[in-house]
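Take a look at the letters that make up each chain.
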Amino acid sequence: MSRPNFLFMIADDHRHSALGALGTEAVSTPAFDQLIADGTCFTQAHIMGSTSGAVCMPSRGMLMTGRNLFAAPDPLPEDAPLLPELLGQNGYRTYATGKWHNRRGSYARAFSSSGAVFFGGMDDQYAMPVNDFDPSGAYDPEDTYIADGHATTVFTDEMIAFLNARDPDDDPFFAYIAFTSPHDPRTAPPPYDTMYDPEDIELPLNFMTEHPFDIGVRDIRDEVLADYPRTEAEIRGHIADYYSMISHMDAEIGRILSTLDDRGLSENTIVIYTSDHGLGVGQHGLMGKQNLYDHSMRIPLIMRGPSVPAGYKCDALVYLLDLFPTLLERADVAVPAQQDGYSLNAVLGRLTHKHRRSIFSAYQGVFGHPLGRPYQRSIKDDRYKLIQSVLDGRETWQLFDLREDPFELNNLIDNDEYGRLILKLMKSLKERQARVRDPVLRDQ
């Protein structure tokens, strides 16, 4: 069989648990559910974190370069070849539409053609400022115009137009669509806007009116979307809107997948769906993603296509950036030596059920403090997670047994029974920080 096509779909703010097929949240996602049934769902996929309140920017930078959080700064380094750039240099037609939050120069490096592209972080879903493809790569802001319609539908239509122009015998493609959904403003079109009654929404077990202690993000943009203290009624309304955006995006993705089928492209196309990070929406009293709880660090990751097992739910610990070497190997393209991803192809080949021993995560917003403090760091293995939060030099530690306490409610840090485990995890955390050259180590 010829080298596979890639259809890469990435959302903004879609947390790992908000998929109907997983049975964890009451959100309707028939297209996602079918994608999971036909492919592999990684249930323990993570981002590494962020050095900015705009978590999407470093997350996408890590995906595109395969490099860890502290090696993928903004703007992306010129010496870091991008995933689509490498594919384009090796016979692939590269195309994109949707959100690109990693500057115009890197977009021009990455793609040889484009639909409407949004070069910002977030905007009005019904008045998204976009640019058409610019062969010069300049993408002059003066050429920006307002897209006609809901952004999710606009970007979907662009992708469908690209797929309709393809034939199975054409050169292989890497087609990338980055939705601005379900990010706020959460304004889904009818009938999705009234699909969920807030009064019927079940609050998550870890709903809190406020976070138990200050982690330094109280006044960040995401967190002021709801009043303090959070109320049950307000959070139910936010969740209802969040679900409506996800269900609308699910329907649009269904249109894209149907187009793949209609064009005879599905058999040789690897479909990937993921998100740049998760979201709190009331969990732990938090609205955003500037924290290291699972609701913010874990993401959906679904793959379907040739040599991808069907109906496989894999609980191996993986990073989003692991897709960088995975897809390059699938395309028979050499993987750069300077990258930090571990290929998922052995897992997808069912040669192993394990992948990474642990997941290191970091959050470090820029608030005018030295090194962007306050900051958070964590280490997580297949059962336990240790989180360190530092604010004005004061440390707070949390330990969770995720097997017994998946909602991260019972802090075991002061339980003497876990003393040796805590020391072991603290040592592992320091080792991982050193390995990725965490800048906070230089200040200690």
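Residues numbered from 1 in each chain as written. Predicted model: local features only at pLDDT ≥ 70, side-chain atom pairs only at ≥ 80, totals over all residues. Heavy atoms only, no water.

Visitor: Help me understand the pattern of salt bridges in this model?
Guide: Side chains carrying opposite charge are able to pair once their charged atoms draw close together. Scanning all chains against the criterion turns up 25 salt bridges. In this structure, the salt-bridge partner of Asp-12 is Lys-99, at a minimum N-O distance of 2.5 Å. Of this pair, Asp-12 sits in strand β1 (residues 5-12) while Lys-99 sits in strand β5 (residues 93-99), placing them 87 residues apart in sequence. The same class applies to Asp-12 as to Lys-99, namely buried. The structure contains a network of salt bridges with shared partners spanning Asp-13, Asp-184, Arg-221, Asp-222 and Lys-289. (Salt bridge = Lys/Arg side-chain N within 4 Å of Asp/Glu carboxyl O. Helix = DSSP H or I, 4+ residues; strand = E, 2+ residues; numbered from the N terminus. Buried < 20%, exposed > 50% of the residue type's maximum accessible area, 1.4 Å probe, protein only.)

Visitor: Even after reading the chapter, I still don't get the sheet that holds strand β14 (residues 318-319), so can you show me in this structure?
Guide: Within a beta sheet, neighbouring strands are joined by backbone hydrogen bonds and run either parallel or antiparallel to one another. The three strands lie next to each other as β11-β3-β14, forming an open sheet whose pairing is mixed. Each end of this open sheet is capped by a strand with a single partner; those strands are β11 (298-299) and β14. Relative to β14, strand β3 (residues 45-46) runs parallel, the two being bridged by two bridges. In the sheet register, His-46 faces β14, and the bridge partner there is Tyr-319. (Pairing = 2+ DSSP bridges.)

Visitor: What's the story with a nonpolar patch on the surface in this structure? I'm lost.
Guide: There is a patch of nonpolar side chains on the surface, built from Leu-205, Phe-407 and Leu-409 and spanning about 290 Å² of accessible area. Relative to the helices and strands, Leu-409 is located in the loop between β18 (394-401) and α10 (419-435). (Patch = residues over 30% accessible without salt bridge, like charges linked within 9 Å, V, L, I, M, F, W, Y side chains within 5 Å. Areas by Shrake-Rupley, 256 points an atom, 1.4 Å probe, with all protein chains shown as cover.)

Visitor: Looking at this structure, how should I read the packing of aromatic side chains?
Guide: The description of an aromatic ring pair rests on the distance of the ring centres and on the angle between the ring planes. Taken as a whole, this structure holds 20 aromatic pairs when the rule is applied. Centroid distance Trp-100 to Phe-111: 5.6 Å. Interplanar angle 85°. Geometry classified as edge-to-face. One end of the pair, Trp-100, is in the loop between β5 and α4 (104-110); the other, Phe-111, is in the loop between α4 and β6 (113-118), and eleven residues separate them in sequence. Accessibility assignment for this pair places Trp-100 and Phe-111 in one class, buried. Geometrically, the ring pair formed by Tyr-242 and Tyr-243 is tilted, given 6.5 Å between the ring centres and 35° between the ring planes. Across this residue pair, the class does not change: Tyr-242 and Tyr-243 are buried. (Phe/Tyr/Trp six-rings, centres within 6.5 Å; stacked < 30°, edge-to-face > 60°.)

Visitor: Is there a simple way to think about helix α6 (residues 232-262) in this case?
Guide: Quick reminder: α-helices carry 3.6 residues per turn. Residues three or four places apart thus point the same way. Helix length check: α6, at 31 residues, gives a terminal C-alpha distance of 45 Å against a target of 45 Å (1.5 Å per residue), a fit within 8%. In the segment just after α6, Gly-264 is the residue with positive phi, at about 70°. (Expected span 1.5 Å × (residues − 1).)

Visitor: I tried to follow the sheet that holds β5 on my own but got confused; where do I start?
Guide: The strand order β6-β5-β9-β1-β10-β12-β2-β13 describes an open sheet built from eight strands, whose pairing is mixed. Each edge of the open sheet is held by one strand with a lone partner, namely β6 and β13 (312-314). The average angle at which neighbouring strand axes cross in this sheet is 15°, direction not considered. Strand contacts of helix α2 (residues 56-65): β1, β5 and β9 (173-182), with the helix running at about 165° to β1, the strand carrying the most contacts. Its contacts with the sheet put helix α5 (residues 151-164) on β1, β5, β6 and β9, and the angle it makes with β9 is roughly 170°. (Axes fitted to C-alpha atoms, helices over the stretch in contact; angles between N-to-C directions. Contact = heavy atoms within 4.5 Å.)

Visitor: Explain the nonpolar core to me, please; I cannot follow it from the model alone.
Guide: If you look at soluble globular proteins, the nonpolar side chains tend to sit buried side by side. Residues Phe-42 and Tyr-176 are the most contacted members of the largest nonpolar core, which totals 57 residues. Take this core: its biggest share by element is four residues, from helix α8 (residues 323-330). Residue contacts for Tyr-176: discarding those within four places in its chain leaves Phe-8, Ile-10, Arg-60, Met-64, Tyr-95, Ala-96, Thr-97, Lys-99, Trp-100, Phe-111 and Met-159. Counting residues in hydrophobic clusters, the runner-up holds 50 residues, among them Met-159, Phe-162, Ala-175 and Ile-177. (Core = buried A, V, L, I, M, F, W, Y, C linked by side-chain atoms within 4.5 Å.)

Visitor: Could you clarify how one ought to interpret α5 in this entry?
Guide: Across its 14 residues, α5 extends 20 Å between first and last C-alpha, which sits within 8% of the 20 Å expected from 1.5 Å per residue. Turning to α5, its buried residues number three or more, namely Ala-151, Thr-152, Val-154, Phe-155, Thr-156, Met-159, Ile-160, Phe-162 and Leu-163. Check the buried side of α5 and you find it contacts β1, β5, β6, β7 (129-130), β9 and α6.

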